[in-house]
Amino acid sequence: MQAVVYHSDDIRAWEQRWFAAQNSSLGLMQQAAWSITQQLIVLFENHATKNIAVWCGQGNNAGDGYFIASYLKQTGFHVEIFAAELGDSTDLQYAVDFAKENNVQVHQDFEVSKTFDCHIDALFGIGLNRELNDYWQHAIQQFNEQVGLKISIDIPSGLQANTGRILPSAVKADHTFTVLGLKAGLFTGQGKEYTGQIHLVNLIPIDQELKPLAYLTPTHIRLPKRLAFGHKGSYGHVLVIGGHEQMGGAVIMAAEAAFHAGAGKVTVICHRNHHQAIFSRAPNIMLRDINGLDENGIKDILSQVDAVCFGMGLGRDDWSQQIYQQWFNFLNQASHLEVVLDADALWFLAKQPEQLGLHVYATPHPGEAATLLGSSTAEIENDRIDAIYALQQKYSGQWVLKGAGSLILENNLYICTQGNAGMGTGGMGDILAGMIASLKAQFHKDIALHEIVTLHAQAGDELAKQGMRGLQAYEMNQAITQVVNQ
């Protein structure tokens with residue numbers, strides 16, 4: 001069963017419906033704190049944790065912190081609270097009084113002068129939407145500078161719950177115990193850098209009014225076994241189109257990725273300058289001269305293939321524009337094909353917007369998404385979910401917004417939780433395009449776009465086992481073969 005991600009507004013509305021049914025808000029706060037405390041006790045056993053500092057803000061998240069401090073003190077831990085001036089919540093005041101009853105020492109500041117084994121962040125919860133002022137930025141900086149295990153309650157303070165945006169600083173947690181439901185900001189954008197290991201704290205039953213925002217992609221993907229009587233024609237024919245006379249590497253990487261993901265046949269259509277290099281590196285790739293095809297030739301070759309990836313290394317000059325215009329309409333109208341638009345094809349799509357068919361998969365990185373939407377990369381990264389919906393609304397089709405916590409919008413929105421920072425290198429997008437074309441050519445509707453993105457991320461994780469720094473996209477091939485055969 002796929003994990004469900006919710007919008008923070010929907011979680012708060014869910015809470016309010018629970019309270020409207022005569023359930024206690026204080027009781028829920030206590031329940032959350034108790035449940036987290038039991039998990040912390042197990043975690044602390046593995047870290048030899050005895051001395052704990054709990055950092056509390058001014059809202060209900062702080063109430064969780066006060067109760068957690070009290071329950072830990074009751075269990076035998078040494079606990080001290082470092083706190084801001086209290087807000088006006090009745091539940092929070094009850095939590096503060098409970099901590100005092102349990103003789104938990106409370107400091108009315110964030111100046112920590114001694115060493116603790118663990119620091120628990122209960123400064124802000126999921127409602128934070130504003131830029132933090134200097135006071136709170138300083139507090140978070142102080143928190144991050146402490147030694148010891150770092151725990152965040154619900155969401156790392158300073159992280160926007162729905163976008164993963166930093167406001168403009170955030171707690172860097174080793175573990176995040178998120179309450180009631182998963183939030184998108186834990187998994188996409190900058191959030192992946194701050195959340196550490198995520199633990200879901202289930203407390204109340206889901207009601208019918210609570211609707212998912214997104215789903216996390218599954219981590220276990222099993223492709224069908226090949227039949228004993230299969231042959232190269234059984235496993236799809238992939239066409240890779242691109243390769244300006246000065247840019248041949250991208251089509252080579254996409255084509256090799258297609259083969260390593262299991263395609264039966266792969267043809268590259270590119271400038272003939274690159275043919276010898278491709279023959280030398282991968283003699284199993286079939287080749288055609290991109291300048292040698294007229295309309296009839298294009299129609300003929302498209303009738304022979306199952307999937308196409310278009311745009312890698314195409315360039316952006318007059319020749320490139322001519323090639324784009326020569327091919328685009330055929331690809332967009334050929335509903336029998338699976339079509340991937342990447343790289344320079346997306347640049348031309350932005351210049352000449354068209355509605356894409358459902359058989360078309362567009363795979364921009366944030367910079368390309370900004371061009372497609374007429375915005376900036378920073379605006380895209382500030383709200384990646386809003387951006388991918390805007391892309392589909394403007395252009396139709398199906399979309400992958402690449403980056404940390406890649407987003408996939410097909411029938412539903414998915415967030416890929418795998419992959420690593422080592423994949424931030426030239427050519428990884430070409431590899432993904434080749435994999436999408438290959439696996440769609442083989443399985444069509446029997447494999448989802450989000451599953452292919454996950455396999456690409458898993459290949460990257462396999463490649464990064466010896467370290468992330470210095471990974472090269474062309475090294476992905478053996479890892480791809482490994483993950484598609486799991």
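These lines cover the structure that appears in this document, whether it is placed above or below. (Residues numbered from 1 in each chain as written. Predicted model: local features only at pLDDT ≥ 70, side-chain atom pairs only at ≥ 80, totals over all residues. Heavy atoms only, no water.)

### A word on the packing of aromatic side chains
And then number 1: Applying the stated rule across the entire model yields 21 aromatic pairs.
And then number 2: Ring geometry for Phe 67 versus Tyr 94: centroids 6.4 Å apart, planes at 40 degrees, classification tilted. Separated by 27 residues along the polypeptide, Phe 67 in helix α3 (residues 60-75) and Tyr 94 in helix α4 (residues 90-101) bring together distant segments of the chain.
And then number 3: On the basis of relative accessible area, Tyr 94 is assigned to the partly exposed category, the value being 43%.
And then number 4: With a centroid separation of 5.9 Å and an interplanar angle of 55 degrees, the aromatic rings of Phe 110 and Trp 136 are classed as tilted. A residue pair is termed long-range when its members are at least 10 positions apart, and Phe 110 in the loop between β4 (105-107) and β5 (118-122) and Trp 136 in helix α5 (residues 134-145) qualify at 26 residues. In this structure, Phe 110 and Trp 136 share a single accessibility class: buried.
And then number 5: Here the basic side chain of Lys 172 rests over the ring of Tyr 194, its NZ or CZ set 5.6 Å away from the ring centre.
And then number 6: Here Arg 226 stacks its cationic end above the ring of Tyr 235, 3.6 Å away from the centre of that ring. (Phe/Tyr/Trp six-rings, centres within 6.5 Å; stacked < 30°, edge-to-face > 60°. Helix = DSSP H or I, 4+ residues; strand = E, 2+ residues; numbered from the N terminus. Buried < 20%, exposed > 50% of the residue type's maximum accessible area, 1.4 Å probe, protein only. Lys NZ or Arg CZ within 6 Å of the ring centre and 35° of its normal.)

### Considering the side chain of Ser 157
And then number 1: Among the secondary structure elements, Ser 157 is positioned in the loop between β6 (149-153) and β7 (175-179).
And then number 2: In this structure Ser 157 comes out as buried when scored by relative accessible area, which is 0%.
And then number 3: Polar contacts involving the side chain of Ser 157 include one to the side chain of Asp 121, which spans 2.6 Å.
And then number 4: Discounting chain neighbours no more than four positions away, the residues touching Ser 157 are Asp 121, Leu 123, Phe 124, Ile 140, Ser 152, Ser 169, Ala 170 and Val 171. (Polar contact = N/O pair within 3.5 Å; in protein donor to acceptor, adjacent residues only side chain to side chain. Contact = heavy atoms within 4.5 Å.)

### Digging into the packing of helix α6 (residues 249-260) against helix α16 (residues 476-483)
When two helices pack together, their arrangement is given by the angle between the helix axes and the distance between those axes.
And then number 1: Packing of α6 against α16 leaves a shortest axis separation of 8 Å and a crossing angle of 25 degrees. Our classification of the angle between α6 and α16 gives roughly parallel. Read as a crossing pair, α6 and α16 show a hand that is right-handed. Contacts between α6 and α16 involve Glu 256, Ala 257 and His 260 from the former and Asn 477, Gln 478, Ile 480 and Thr 481 from the latter.
And then number 2: When grouped by side-chain class, the residues that make up the contact of α6 with α16 number 2 nonpolar, 4 polar and 1 charged. (Axes fitted to C-alpha atoms, helices over the stretch in contact; angles between N-to-C directions. Parallel < 35°, antiparallel > 145°, perpendicular 65-115°, else oblique. Left-handed = near helix turned anticlockwise from the far one by under 90°. Nonpolar A, V, L, I, M, F, W, Y, C, P; charged D, E, K, R; others polar.)

### Quick look at the pattern of salt bridges
And then number 1: Inspection of every chain in the model, using the stated rule, returns 14 salt bridges.
And then number 2: Among the ionic pairs, Glu 80 bridges to Lys 114, the shortest N-O distance being 2.5 Å. You can see Glu 80 sitting in strand β3 (residues 78-83) and its partner Lys 114 sitting in the loop between β4 and β5, a full 34 residues away along the chain.
And then number 3: The partner of Lys 299 in a salt bridge is Glu 295, with the nearest N and O atoms 3.3 Å apart. Within this pair, Lys 299 and its partner Glu 295 are both found in helix α8 (residues 295-302), separated by 4 residues, close to a single helical turn.
And then number 4: Take Lys 299: its relative accessible area is 43%, and that puts it in the partly exposed class.
And then number 5: Three or more residues joined by partner-sharing salt bridges are found here, namely Arg 17, Asp 207 and Glu 209. (Salt bridge = Lys/Arg side-chain N within 4 Å of Asp/Glu carboxyl O.)

### Re the environment of Ile 301
And then number 1: Take Ile 301: it is sitting in helix α8.
And then number 2: Each C-alpha atom of the pair Ile 301 and Ala 277 lies 23 Å from the other, and the pair is 24 residues apart in sequence.

### Considering the sheet that holds strand β15 (residues 338-341)
And then number 1: Taken together, 12 strands build an open sheet; the order of strands is β8-β1-β10-β19-β18-β17-β16-β15-β14-β11-β12-β13 and the sheet is mixed. The sheet is open, and its two edges are formed by β8 (182-183) and β13 (286-289), each paired on a single side.
And then number 2: Sheet topology note: the strand β12 (residues 265-270)/β13 ladder contains 4 bridges and is parallel. In the strand pairing of β13, Cys 270 is matched with Asp 289. (Pairing = 2+ DSSP bridges.)

### Digging into the sheet that holds β6
And then number 1: Read from one edge to the other, the open sheet built from 7 strands follows the order β4-β3-β2-β5-β6-β7-β9, with strand pairing classed as parallel. Each edge of the open sheet carries a strand with a single partner, namely β4 and β9 (197-201). In this sheet, adjacent strand axes meet at a mean angle of 20 degrees when their direction is disregarded.
And then number 2: Across 5 bridges, the pairing between β7 and β9 is parallel. By the bridge assignment for β9, Phe 177 is matched with His 199.
And then number 3: The strands touched by helix α2 (residues 25-47) within the sheet are β2 (51-56), β5, β6, β7 and β9, with β7 carrying the most contacts at an inclination of about 160 degrees.

### Some points on helix α15 (residues 449-463)
And then number 1: Under the 1.5 Å per step criterion, the end-to-end length of α15 is 22 Å for 15 residues, consistent within 8% with the ideal 21 Å.
And then number 2: Extensive coverage of α15 is indicated by the burial of 12 of its 15 residues.
And then number 3: For α15, every residue scored as buried is listed here: Leu 449, His 450, Ile 452, Val 453, Thr 454, Leu 455, His 456, Ala 457, Gln 458, Ala 459, Gly 460 and Leu 463.
And then number 4: Considering only its buried residues, α15 is in contact with β16 (356-362), β17 (396-401), β18 (407-409), β19 (413-415), α14 (428-443) and α16. (Expected span 1.5 Å × (residues − 1).)

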